[in-house]
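Chain by chain, the residues run as shown.
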Amino acid sequence: TEAPSAPPSCKESLVSETIVERLRQSLSALPATERRVAMRLLADYPMAGLGSASELARTVGVSVPTVLRLTTRLGFPAYPDFQSRLREELAAQLSSPLAKTTQAAGSSEESRWQQFAEQVADNVRESFQHIAADELRQIAQWLADPKSRVHLVGGRFTDALAQYVAVQLRILRAGVNHLRDQEANWFDQVLDMGNRDVLVIYDIRRYQASLLRLAEWATQRGTKVILLTDQWLSPIARVARHVLPARVQVPSPWDSNAALMALSEALLAEVSRLGGDSSQRRMRELERLRNQA
């Protein structure tokens, strides 16, 4: 499941940017050597940054000062400050509902509702701000390509999103498959995946090991993996072609899927546009069948 036990010890900020978000925002403007360090940190977040600066530099093939310049550029005066933040974010990844920030006990009912609504709106807005339009466009093109087959799956709390998008996509195009039930039932479907296939995975904290295995199997077969996750990044980010991180924190023991839903619906809107006349014909035929039922 997505909910193994974890110590309720981390403190979370509802407004501060994660290291991943800072890296993604600055990536295009970084010097080449610092960009290599940033790509390594993104590819193996947060573990790549938890060793020493010299270990990270040696892995990437750059100098230690290059690593330190990048962490300074990200807003950390010293490398230990950068690592301290990484450890906080790792704790946030693993936190249980008991550990998460809740609404202030003394606030009025009206202010609690307003606080919650404002945070959901902020999550949606900030999620879109941290994702490049080119990335969304590329994903939509893959999902709209009639030559591809699209598979969708999610975890314990996110598979409802995968099913929702699958139902909508099936109206717009053929070749859409929602992977249901348990991991043992996925094996025969993975056998049929190849480089024409696209696998969309939803995975938020606490991340589901079976989904990582599925992503690795699909990648080995040449399938393009798209990950929709939270701001701390599922381990699936290591093998995904594209990663869409969404903000999920709200003043509640439970994470919010609202921003993930908004990203999903934005992709559906673009797929509808790209489908053009073909999607329109399919929708008209579907309406004709419904009217005959």
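How each quantity is defined
Residues numbered from 1 in each chain as written. Predicted model: local features only at pLDDT ≥ 70, side-chain atom pairs only at ≥ 80, totals over all residues. Heavy atoms only, no water. 1 Å grid on protein atoms, 1.4 Å probe; cavity = no way out; pocket = protein on both sides within 12 Å on 5 of 7 lines; lining within 4 Å. Points joined across faces, edges and corners; volume = space filled by probe spheres on them. Helix = DSSP H or I, 4+ residues; strand = E, 2+ residues; numbered from the N terminus. Nonpolar A, V, L, I, M, F, W, Y, C, P; charged D, E, K, R; others polar. Salt bridge = Lys/Arg side-chain N within 4 Å of Asp/Glu carboxyl O. Buried < 20%, exposed > 50% of the residue type's maximum accessible area, 1.4 Å probe, protein only. pLDDT = per-residue confidence, 0-100. Contact = heavy atoms within 4.5 Å. Pairing = 2+ DSSP bridges. Right-handed = clockwise from strand over helix to strand, strands pointing away.

A. Geometry of the layout of surface pockets. The computed volume of the largest pocket comes to approximately 410 Å³. Secondary structure elements with two or more residues in the lining of the largest pocket: α1 (19–26), α2 (32–43) and β5 (242–246). At three residues, the largest contribution of residues to the lining of the largest pocket is made by α2. Class assignment for the residues of the lining of the largest pocket results in ten nonpolar, four polar and four charged.

B. Fine view of the pattern of salt bridges. For the coordinates displayed, the defined rule picks out 15 salt bridges. The salt bridge partner of R205 is D255, with a shortest N-O separation of 2.8 Å. In this pair, R205 sits in the loop between β3 (197–203) and α10 (209–220) while D255 sits in the loop between β5 and α11 (258–292), placing the two residues 50 residues apart along the sequence.

C. Local environment of the environment of R137. Relative to the helices and strands, R137 is located in helix α7 (residues 133–144). With a relative accessible area of 38%, R137 lands in the partly exposed category. For the pair R137 and L274, spaced 137 residues apart in sequence, the C-alpha to C-alpha distance is 10.0 Å.

D. Fine view of the confidence of the model for the protein chain. Put simply, the protein chain has an average pLDDT of 88, and 90% of its residues get 70 or more. Under a pLDDT of 50 for its full length, residues 1–15 has, in the predicted model, 43 contacts with residues more than four places off or in other chains.

E. Inspection of empty space enclosed by the protein at higher detail. Tallied over the entire structure, the rule returns three cavities of 30 Å³ or more. Of the volumes computed, that of the largest cavity is approximately 80 Å³. As for the largest cavity, its lining consists of 13 residues, and the residues nearest its centre are L143, V165, V200, Y202 and L267. At the level of elements, α7, α8 (159–172), β3, β4 (224–230) and α11 are the ones that each hand at least two residues to the lining of the largest cavity. Per element, the largest residue contribution to the lining of the largest cavity is four residues, and it comes from α11. Partitioned by chemical class, the residues of the lining of the largest cavity number twelve nonpolar, one polar and no charged.

F. Structural detail: the pairing of β3. The buried fraction of β3 is high, at seven of seven residues. When strand β1 (residues 149–154) meets β3, the two strands line up parallel, connected through six bridges. If you follow L152 over to β3, its bridge partner there is V200. For the segment spanning β3, α10 and β4, crossover handedness is right-handed.

G. Representation of the environment of W217. Assignment of secondary structure puts W217 in helix α10. Put simply, W217 and V190 are 27 residues apart on the chain and 7.2 Å apart in space, counted from C-alpha to C-alpha. If near-sequence neighbours (up to four positions away) are discounted, W217 is found in contact with E183, F187 and V190.

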